Amino acid sequence: MIPYGRQDVSEADIQAVVDVLRSDFLTQGPAVPAFEKAVASYCGAQHAVAVNSATGALHIACLALGVGPGDWVWTSPITFVASANCALYCGAQVDFVDIDPRTYNLSVERLAEKLAQAEQADRLPKVVIPVHLCGQSCDMAGIHALAQRYGFKIIEDASHAIGGRYRGEPIGNSRYSDITVFSFHPVKIITTAEGGMALTNDAELAKRMARLRTHGITRDVAEMTHAPDGPWYYQQIDLGYNYRMTDLQAALGVSQMQRLDEFVIKRHTIAQRYDELLADLPLVTPWQHPDSYSGLHLYVIRLKLAEIRKSHCEVFEALRAEGVGVNLHYIPVYRQPYYERLDFKAGHCPEAERYYAEAISLPMYPGLTDRQQDQVVSALRAVVVQ
Ligand SMILES: *Cc1c(COP(=O)(O)O)cnc(C)c1O
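This is a predicted model, so every value here is computed, not measured.

On to the domain arrangement of the protein chain, then. Once the domains are mapped, the protein chain shows domain 1 (11-257) and domain 2 (260-384). Relative to domain 2, the C-alpha centre of domain 1 lies at a distance of 26 Å. Counting residues at the interface gives 38 residues for domain 1, matched by 36 residues for domain 2. Across the interface of domain 1 and domain 2, roughly 3,200 Å² is buried in total on both sides, 63% from carbon and sulfur atoms. Three residues, Y104, C134 and I189, lead the burial of domain 1 against domain 2; their summed loss comes to 19% of the area buried on that side. At the junction of domain 1 with domain 2, the criterion picks out one salt bridge.

Our next topic: the packing of aromatic side chains. Overall, the coordinates contain twelve aromatic pairs when judged by the stated rule. Ring centres of F96 and Y339 lie 5.8 Å apart, and the angle between their planes is 75°; on these two criteria the pair is classed as edge-to-face. Residue F96 is found in strand β3 (residues 93-96), and its partner Y339 is found in helix α11 (residues 337-340); the two are separated by 243 residues along the sequence. Pair check on accessibility: F96 and Y339 agree, each one buried. Arranged with centres 5.9 Å apart and planes meeting at 75°, the rings of Y338 and Y339 form a pair that is edge-to-face. The ring of W287 is capped by R102, whose NZ or CZ atom sits 3.8 Å from the centre of that ring. If you follow K114 out to its NZ or CZ, it ends over the ring of W74, 5.3 Å from the centre.

Our next topic: helix α8 (residues 247-257). The element α8 is extensively covered by neighbouring structure, given that nine of its eleven residues are classed as buried. Within the sequence span of α8, burial applies to D247, Q249, A250, A251, L252, G253, S255, Q256 and M257. The inward-facing, buried residues of α8 abut α1 (11-21), α2 (31-43) and α9 (260-277).

Here is what the cut-offs are and how they apply
Residues numbered from 1 in each chain as written. Predicted model: local features only at pLDDT ≥ 70, side-chain atom pairs only at ≥ 80, totals over all residues. Heavy atoms only, no water. Domains from an automatic or database assignment. Contact = heavy atoms within 4.5 Å. Buried area = accessible area lost by both parts, 1.4 Å probe. Salt bridge = Lys/Arg side-chain N within 4 Å of Asp/Glu carboxyl O. Phe/Tyr/Trp six-rings, centres within 6.5 Å; stacked < 30°, edge-to-face > 60°. Helix = DSSP H or I, 4+ residues; strand = E, 2+ residues; numbered from the N terminus. Buried < 20%, exposed > 50% of the residue type's maximum accessible area, 1.4 Å probe, protein only. Lys NZ or Arg CZ within 6 Å of the ring centre and 35° of its normal.

Pasting the structure below:
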């Protein structure tokens, strides 16, 4: 089966991890700050906090921004559940803003309408979490302008998007947001096996997140309520977690960062080849906004079902039967049983539901060969053209 996504691990990556295994520190050593520095300087952000996953990063990002009971957090329905769950972890309530029909990202028009209504009802969100689906940036300038007007904070869920750019600048520089989050799960653009990072230009937010990833504990005298009792001393300031990244993971991350640009270029080559090979088929290939240089984590097509004699599910099954490991990103989050119990109903975000009825993620990763890609395209052609 050709998978939809796959890590690319080199001998140098393996050696970097082995070197840590032979060193003094498996965790809380020098590799984590080195990885944070590498990502922060690549992105042009002032602070970076490495954690065990993007899910952990989203959670401490919400906490650092003060999200708690009584607050609302809004995100896109077309995302992984973690983008919404992070608000529920904090005791806040979640709502969803429908997507743009071309980028499939949270729609700024729908956001503006929903904010105007929420203002009337005195239910404005504390935080909005735009998700850069497939690696393509949301309209961050538009969202930022609304944040200025309505007073909410912004966490970019850039789990798909490291290595991408928005208006010529690296995603992650947090120019239009308070915090940006990356994921380093193996299917994402670079990997640390499990891992995530939160970037910010706000020193206070960075400090809070660094404490929250390790039990809310500080060893910095400046953050303590009184002078240390002695050289052993530390203080727990907040109720934090163990969300630390290990040095094994961080060393892999540092090594992977050296090939980030190469990975994204390869993804663009593959996408361009798909665009050409699929041009005559009854489907919609990914549209790219001129402001965006996508990380291209995913290559999502939409079936023109009126021109195809099979159903979405039949196309999906036929491709899997041909050894093409297609996937679907994503089921609208509020259609999950857990969210339906929170009283979300079908029809809440019609554009997202139309997307869900037609979308398929084709295999997309740097190691995908032309031959494998040809296999994907001919399997797809055979099933959608009769
Ligand atoms: C993968 C992903 C996450 C969660 O990442 P983990 O590192 O696995 O916790 C969150 N949001 C989006 C959009 C993702 O794709």
